[in-house]
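Take a look at the letters that make up each chain.
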2 protein chains.
Amino acid sequence: MQVSIVLYDGFTALDVAGPFEVLHHLPDAQVSFVSSTPGMIQADAAPFALEAQDLDAVPDPQVLLVPGGNGTQAQLADERLLAWLRRVHETTQWTTAVCTGSMLLGAAGLLEGRPATTHWYELPSLAVFGAEPRTARIVESGRIITCAGVSAGVDMALYLCGRIAGDALAECVQLGIEYDPEPPYDSGSLAKASDDVEELVRAVFRESYGPPYAEVAASLSQPRAR
Amino acid sequence: MQVSIVLYDGFTALDVAGPFEVLHHLPDAQVSFVSSTPGMIQADAAPFALEAQDLDAVPDPQVLLVPGGNGTQAQLADERLLAWLRRVHETTQWTTAVCTGSMLLGAAGLLEGRPATTHWYELPSLAVFGAEPRTARIVESGRIITCAGVSAGVDMALYLCGRIAGDALAECVQLGIEYDPEPPYDSGSLAKASDDVEELVRAVFRESYGPPYAEVAASLSQPRAR
């Protein structure tokens, strides 16, 4: 069972490590980190970095996982990566994305006409790629699974573990990583956070990540339309 | 705000990445990975590895975090690491451990007479170090915070974030990482997992990690006692 996790400059550490911690327990799993720029890949916060092989090092992964991160929008123009996602998806058992990783599946054309989700900040942007944005922790559509932001990768990976290897293994992995969450605050979604918290986080994201892609795409398309 | 995360061969990826994803948002945070064997440090599952500086690269961290992992028991004999933990703890604001990282705080003598927790598999072993084992997600005792296994590091880091920088920042970080967990199974603690699941996981741990340290310590002390 080949599990390929795509890395790129500006991935989010937990988007990768959460699913990794679950998926390496799949029967006979061999997890690989792959990138269109092999070598040490920097996360979106220092000093976190992981080493990746070239995309072509693993030709036919059964499970593909694309994480999100501050660097996602910059990857939307990486034609080699997008072509690789399209080709690899033809033979995967499961093609998955965490957080804004969904944007890359979208840019590769894989979400056209499909329900999908991503980090709440970018959720409306999925429509740019012809997807149907859904507010949900996990969205399964055919062989494609997308999930909400960052920490949702753990939930998705356990779900995927169950789909691939059965409930018993998923329950064993959950006990193994003692995943019995007790968040000390209740501010983890737009529905639960206060207006002040939402406003602050939107401002910080706009500063560090940039505007949501739907805005970027609209400003790009306007001059062409005139 | 210097945050030092200790790495050693056989750390668990999520023990590090979960807290990292929260703590790098602390005001003026500078996170460092440090190790008594600097260089690329392999996690307990391939190909996850992170690069660490020498322990002495960061002399006086305000926050110290020790992750757990399959390699923890082997580190109990690393006298340089244990001496460093004792010394650095003298001036930290917070000394923390995730999962079996608590064992290293214990071996350094920092948990003597204190309530503490760790991964359920090693919980009774904390008594070997004079700690009072507690079944809890997070245990705070003076400047020391310990937490349950692997995924508990996210809960602990959010708690710590609130203690250091206030509830508003912790709530912002929680929304930023969309930490609104929806585990697809309910098997994340000994109280919730079925007996079959518990038995399976104990068997796998005994094979991959070794017996709980309390057993190892008892077998080591017996010949000396005779």
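Residues numbered from 1 in each chain as written. Chains lettered and ligands numbered in written order. Predicted model: local features only at pLDDT ≥ 70, side-chain atom pairs only at ≥ 80, totals over all residues.

K.L.:
I tried to follow the sheet that holds strand E2 (residues 30-35) of chain A on my own but got confused; where do I start?
P.N.:
Pairing between sheet strands relies on hydrogen bonds along the backbone, with the strands arranged either parallel or antiparallel. Residues and elements named next belong to chain A. With mixed pairing, the eight strands of this open sheet are ordered in space as E3-E4-E2-E1-E5-E6-E10-E9. The open sheet is flanked by strand E3 (39-42) and strand E9 (138-141), the only strands paired with a single partner. Averaged over all pairs of adjacent strands, the angle between strand axes in this sheet comes to 30°, irrespective of strand direction. Sheet topology note: the E3/strand E4 (residues 49-54) ladder contains four bridges and is antiparallel. Paired with Gln 42 across the two strands is Ala 49, which belongs to E4. Running over the sheet, helix H1 (residues 13-23) touches strand E1 (2-6), E2, E4 and strand E5 (63-66) and is turned about 175° from E1. (Pairing = 2+ DSSP bridges. Helix = DSSP H or I, 4+ residues; strand = E, 2+ residues; numbered from the N terminus. Axes fitted to C-alpha atoms, helices over the stretch in contact; angles between N-to-C directions. Contact = placed C-beta atoms within 7 Å.)

K.L.:
Just checking my understanding: could you explain helix H7 (residues 195-208) of chain B for this structure?
P.N.:
Owing to its 3.6 residues per turn, the α-helix aligns residues three or four sequence positions apart on the same side. End to end, H7(B) covers 20 Å across 14 residues, agreeing with the expected 20 Å (1.5 Å per residue, within 8%). B:Gly210 sits one or two positions beyond H7(B) and adopts a positive phi of about 105°. (Expected span 1.5 Å × (residues − 1).)

K.L.:
Got a minute to help me understand the sheet that holds strand E10 (residues 144-147) of chain B in this structure?
P.N.:
Residues and elements named next belong to chain B. Taken in spatial order, the eight strands line up as E3-E4-E2-E1-E5-E6-E10-E9 in an open sheet, and their pairing is mixed. Among the strands making up the open sheet, the edge pair consists of strand E3 (39-42) and strand E9 (138-141). Going across the sheet, the axis of each strand differs from the next one's by a mean of 30°, ignoring polarity.

K.L.:
How should the confidence of the model for chain A be read in this particular structure?
P.N.:
Mean pLDDT over chain A stands at 96; residues scoring 70 or higher make up 98%. Interface predicted TM-score (ipTM) for the complex: 0.96; the corresponding pTM is 0.96. (pLDDT = per-residue confidence, 0-100.)

K.L.:
How should I be thinking about the pairing of E10(B) in this particular structure?
P.N.:
The side chains of a regular strand alternate, residue by residue, between the two faces of the sheet. Residue and element names in this part refer to chain B. Neither face of E10 is left uncovered, since the one carrying Ile 144 and Thr 146 and the one carrying Ile 145 and Cys 147 both have all their residues buried. Across three bridges, strand E6 (residues 94-97) lies against E10 in parallel orientation. Bridge pairing in E10 links Ala 97 to Thr 146. Across four bridges, the pairing between E9 and E10 is antiparallel. When the sheet's bridge partners are listed, Glu 140 is paired in E10 with Ile 145. The turn joining E9 and E10, which pair antiparallel and follow one another in sequence, is formed by two residues; a positive phi near 60° is taken by Gly 142. (Buried ≥ 20, exposed ≤ 12 C-beta atoms within 10 Å, placed from the backbone.)

K.L.:
What should I look at first to understand the pairing of strand E1 (residues 2-6) of chain B in this one?
P.N.:
Residue and element names in this part refer to chain B. With four of five residues buried, E1 is to be regarded as a mostly interior element. Direction of pairing for E1 relative to strand E2 (residues 30-35): parallel, over a ladder of five bridges. Residue Ser 4 lies in a different strand from E2, and its bridge partner there is Ser 32. One crossover worth recording links E1 to the parallel E2 by way of helix H1 (residues 13-23), and it is right-handed. (Right-handed = clockwise from strand over helix to strand, strands pointing away.)

K.L.:
Teacher, can you tell me more about the interface of chain A and chain B here?
P.N.:
Note: interface size is frequently given as the accessible area lost on complex formation between the parts. Taken together, the 54 residues of chain A in the interface contact 54 residues of chain B. In terms of residue count, helix H6 (residues 167-176) of chain A provides more of the side of chain A that touches chain B than any other element does, eight residues in total. Taken together, the residues of the side of chain A that touches chain B sort by class into 31 nonpolar, twelve polar and eleven charged. (Nonpolar A, V, L, I, M, F, W, Y, C, P; charged D, E, K, R; others polar.)

K.L.:
How do you make sense of the relation of the copies chain A and chain B when you look at a structure like this?
P.N.:
Mapping between the two copies of the chain is achieved by a rotation about an axis and a shift along the axis. Once turned by 180° and shifted 0.0 Å along the axis, chain A lies on chain B with an RMSD of 0.0 Å. Accordingly, the operation relating the two chain copies is best matched by a two-fold axis. Of the residues that chain A buries at the interface, 100% are likewise interface residues in chain B, meaning the two copies contact each other through the same surface. (Least-squares fit on C-alpha atoms with pLDDT ≥ 70 in both.)

K.L.:
What is the right way to read unusual backbone geometry from this model?
P.N.:
What is expected of a backbone is that most residues other than glycine have negative phi and most peptide bonds are trans. Residue and element names in this part refer to chain A. Omega for the bond connecting Ala 46 with Pro 47 falls within 30 degrees of zero, at 0°, which places this linkage in the cis form. Among the secondary structure elements, Pro 47 is positioned in the loop between E3 and E4. The backbone of Cys 99 sits at a positive phi, close to 60°, despite the residue not being glycine. Tracing the backbone through its elements, the reader meets Cys 99 in the loop between strand E6 (94-97) and helix H4 (101-107). Positive phi, close to 45°, is recorded for Glu 178, a residue that is not glycine.

K.L.:
Honestly, H1(B) in this entry has me stumped. Any pointers?
P.N.:
With eleven of eleven residues buried, H1(B) is to be regarded as a mostly interior element. For H1(B), the complete set of buried residues consists of B:Ala13, B:Leu14, B:Asp15, B:Val16, B:Ala17, B:Gly18, B:Pro19, B:Phe20, B:Glu21, B:Val22 and B:Leu23.

K.L.:
Looking at this structure, I do not really get the environment of B:Tyr159. What am I missing?
P.N.:
With respect to the secondary-structure elements, B:Tyr159 resides in helix H5 (residues 152-165). Note on B:Tyr159: 22 C-beta atoms within 10 Å, which makes it buried. A C-alpha to C-alpha distance of 23 Å links B:Tyr159 and B:Arg86, two positions 73 residues apart in sequence. In this view, B:Tyr159 contacts A:Pro184 and B:Ile138; residues no more than four positions away in its chain are not counted.

K.L.:
Is there a simple way to explain the environment of A:Ser32 in this structure?
P.N.:
Mapped onto the fold, A:Ser32 is located in strand E2. Sequence spacing of A:Ser32 and A:Leu85 is 53 residues, and the spatial spacing of their C-alpha atoms is 15 Å. Apart from the residues within four sequence positions on either side, A:Ser32 is in contact with A:Gln2, A:Ser4, A:Gln53, A:Ala57, A:Val58 and B:Pro47.

K.L.:
Would you mind going over the packing of H1(B) against H5(B) with me for this structure?
P.N.:
How two helices sit against one another is set out by the angle between their axes and by the gap between those axes. All names here are of chain B. Two numbers describe how H1 lies on H5: the axes approach to 8 Å, and their chain directions differ by 25°. On the basis of their axis angle, the class for H1 and H5 is roughly parallel. Between H1 and H5 the crossing geometry is right-handed. Along its contact with H1, which presents Asp 15, Gly 18, Pro 19, Val 22 and Leu 23, the element H5 presents Gly 153, Val 154, Met 156, Ala 157, Leu 158 and Cys 161. Its residues assigned to classes, the contact of H1 with H5 shows eight nonpolar, two polar and one charged. (Parallel < 35°, antiparallel > 145°, perpendicular 65-115°, else oblique. Left-handed = near helix turned anticlockwise from the far one by under 90°.)

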